Amino acid sequence: MTEMKPVTEATAVKAPVLPDAQTVTDVKHWTDSLFSFKVSRPASLRFRSGEFVMIGLLGDNGKPLLRAYSIASPSWDEELEFYSIKVQNGPLTSKLQHIQPGDQIILRPKPVGTLVHDALLPGKRLWFFATGTGFAPFASLLREPQTYEDYDEVIITHTCREVAELEYGRQLIESIRQDELLAELIGEGFADKIRYYPTTTREESPKMGRITDLLKDGTVFNDLGIADGITPETDRAMVCGSLAFNHEIKEILEEFGLREGANSEPKEFVVEKAFVG
């Protein structure tokens, strides 16, 4: 007869725990294809605003399925925020879009990236060029005190297909303008330096068109009252979007005389090549 032993803490089968697990604290769905979420921050994690980390879930094979995601929260925040697309058949986002507060995700605490102040030479005017969820690293940098210490003017352009896809960025900038903590942290009036330039390419909105076209024909400069356009003496830029967008903006900036920089060799503009969305 087999001896029956009591199940103890030592012998009980424990539920598997995700490697490098962090707990989801908040989820917000902006459209059928866009959502943002916040997770707990590892106590040891240090990063520069604008960097990205690898996050994900376990795949069907039980192995970590990871993708690069820009951290949308600033370096001083107690939580980590991310902004993501939903791809219904995507290996990761088809699952990630269903997370709820209390769930866990994998977060590899090794931040890297080129969209950081260290990769740019000093300047007077900083441009953020984003499409879609490429807004995420700039959501971090727009809440970073150094952004306003280093520049007299900060222009954020955000191009999406439809108006609803601009809502995450619009609400974030509105909240920045009204944030008393940021005003105390950065200094009163810091938000007056922000100039927000959203455009849509499909749905009608106050400003229609691809930002690349609006740069080429000078519309952006006319709208913002910038007589001298973009010049290497005063302007610096960061770019985050699709590969095609990144390449086109890079060509435009180079035509203006700006040079692409990196962490090891700061120049007038930088492009994030590892972004997922």
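Residues numbered from 1 in each chain as written. Predicted model: local features only at pLDDT ≥ 70, side-chain atom pairs only at ≥ 80, totals over all residues. Heavy atoms only, no water.

A word on the sheet that holds strand β2 (residues 34-40)
A sheet is described by the order of its strands in space; here 6 strands give the open sequence β4-β3-β6-β1-β2-β5, paired in antiparallel fashion. Across the chains shown, the open sheet's two edge strands, defined by having one partner strand only, are β4 (64-70) and β5 (79-85). Each adjacent strand pair in this sheet contributes to an overall mean axis angle of 40°, direction not counted. Examined bridge by bridge, strand β1 (residues 21-29) and β2 share 5 bridges and lie antiparallel to one another. Considered in β2, the bridge of Lys28 is made with Ser36. (Pairing = 2+ DSSP bridges. Helix = DSSP H or I, 4+ residues; strand = E, 2+ residues; numbered from the N terminus. Axes fitted to C-alpha atoms, helices over the stretch in contact; angles between N-to-C directions.)

Let's talk about the layout of surface pockets
By volume, the largest pocket is sized at about 360 Å³. In this structure, the largest pocket is lined by 19 residues; those nearest its centre are Thr131, Gly132, Thr159, Cys160 and Arg161. Grouping the constituent residues of the lining of the largest pocket by class yields 5 nonpolar, 10 polar and 4 charged. Its volume calculated, the second largest pocket comes out at about 250 Å³. Lining the second largest pocket we find 16 residues, and of these Lys38, Glu81, Arg143, Tyr168 and Leu172 sit closest to its centre. Elements that contribute at least two residues to the lining of the second largest pocket include exactly β1, β2, β5 and α4 (167-178). Ranked by residue count, the leading element in the lining of the second largest pocket is α4, at 4 residues. Grouping the constituent residues of the lining of the second largest pocket by class yields 5 nonpolar, 4 polar and 7 charged. (1 Å grid on protein atoms, 1.4 Å probe; cavity = no way out; pocket = protein on both sides within 12 Å on 5 of 7 lines; lining within 4 Å. Points joined across faces, edges and corners; volume = space filled by probe spheres on them. Nonpolar A, V, L, I, M, F, W, Y, C, P; charged D, E, K, R; others polar.)

Some remarks on the state of the cysteines
Taken as a whole and assessed by the stated rule, the structure comprises 0 disulfides. We note that Cys160 lacks a disulfide partner, and the nearest cysteine sulfur, in Cys240, lies 12 Å from it. (Disulfide = S-S within 2.5 Å.)

Some thoughts on the pattern of salt bridges
Applying the stated rule across the entire model yields 20 salt bridges. Across the pair Glu51 and Arg48 runs a salt bridge, and its minimum N-O distance is 3.0 Å. Here the salt bridges do not stand alone but share partners, grouping Arg125, Glu153, Arg195, Asp228 and Asp235 into one network. (Salt bridge = Lys/Arg side-chain N within 4 Å of Asp/Glu carboxyl O.)

Looking at the environment of Asp20
Looking at the secondary structure, you find Asp20 in the segment before β1. Residues Asp20 and Ile105, spaced 85 residues apart in sequence, show a C-alpha to C-alpha distance of 8.1 Å. Among residues more than four places away in sequence, those in contact with Asp20 are Ile105, Ile106, Leu107, Arg108 and Pro109. A distance of 2.9 Å separates a polar atom in the side chain of Asp20 from a polar atom in the side chain of Arg108. (Contact = heavy atoms within 4.5 Å. Polar contact = N/O pair within 3.5 Å; in protein donor to acceptor, adjacent residues only side chain to side chain.)

Quick look at the sheet that holds strand β10 (residues 235-240)
Hydrogen bonds between backbone groups are what pair the strands of a sheet, and the pairing can be parallel or antiparallel. Strands sit in the order β9-β8-β7-β10-β11 across an open sheet of 5 strands; the sheet is parallel. Each of the sheet's edge strands pairs with one partner strand only, and the pair in question is β9 (194-200) and β11 (269-271). In this sheet, adjacent strand axes meet at a mean angle of 10° when their direction is disregarded. Across the sheet, helix α8 (residues 243-255) touches β7 (125-131), β10 and β11, and the angle it forms with β10 is around 165°.

As for the pairing of β2
Most of β2 sits out of view: 5 of its 7 residues are buried. Linking two consecutive strands that pair antiparallel, namely β1 and β2, is a turn of 4 residues. Here β2 pairs with β5 via 7 bridges, running antiparallel. Looking at the pairing, Val39 lines up with Leu80 of β5. (Buried < 20%, exposed > 50% of the residue type's maximum accessible area, 1.4 Å probe, protein only.)

Points about the nonpolar core
Counting 34 residues, the largest nonpolar core has Phe128, Phe135, Phe138 and Leu142 as its most contacted members. Where this core is concerned, the elements lending two or more residues are β7, α2 (136-141), β8 (153-160), α4, α5 (180-186) and β10. Setting aside residues no more than four positions away along its own chain, Leu142 makes contact with Phe128, Phe135, Tyr148, Val154, Ile156, Leu172, Ile173, Ile176 and Ile194. Core analysis: the next-biggest nonpolar cluster, separate from the first, contains 21 residues, Phe129, Tyr197, Ile226 and Ala237 among them. (Core = buried A, V, L, I, M, F, W, Y, C linked by side-chain atoms within 4.5 Å.)

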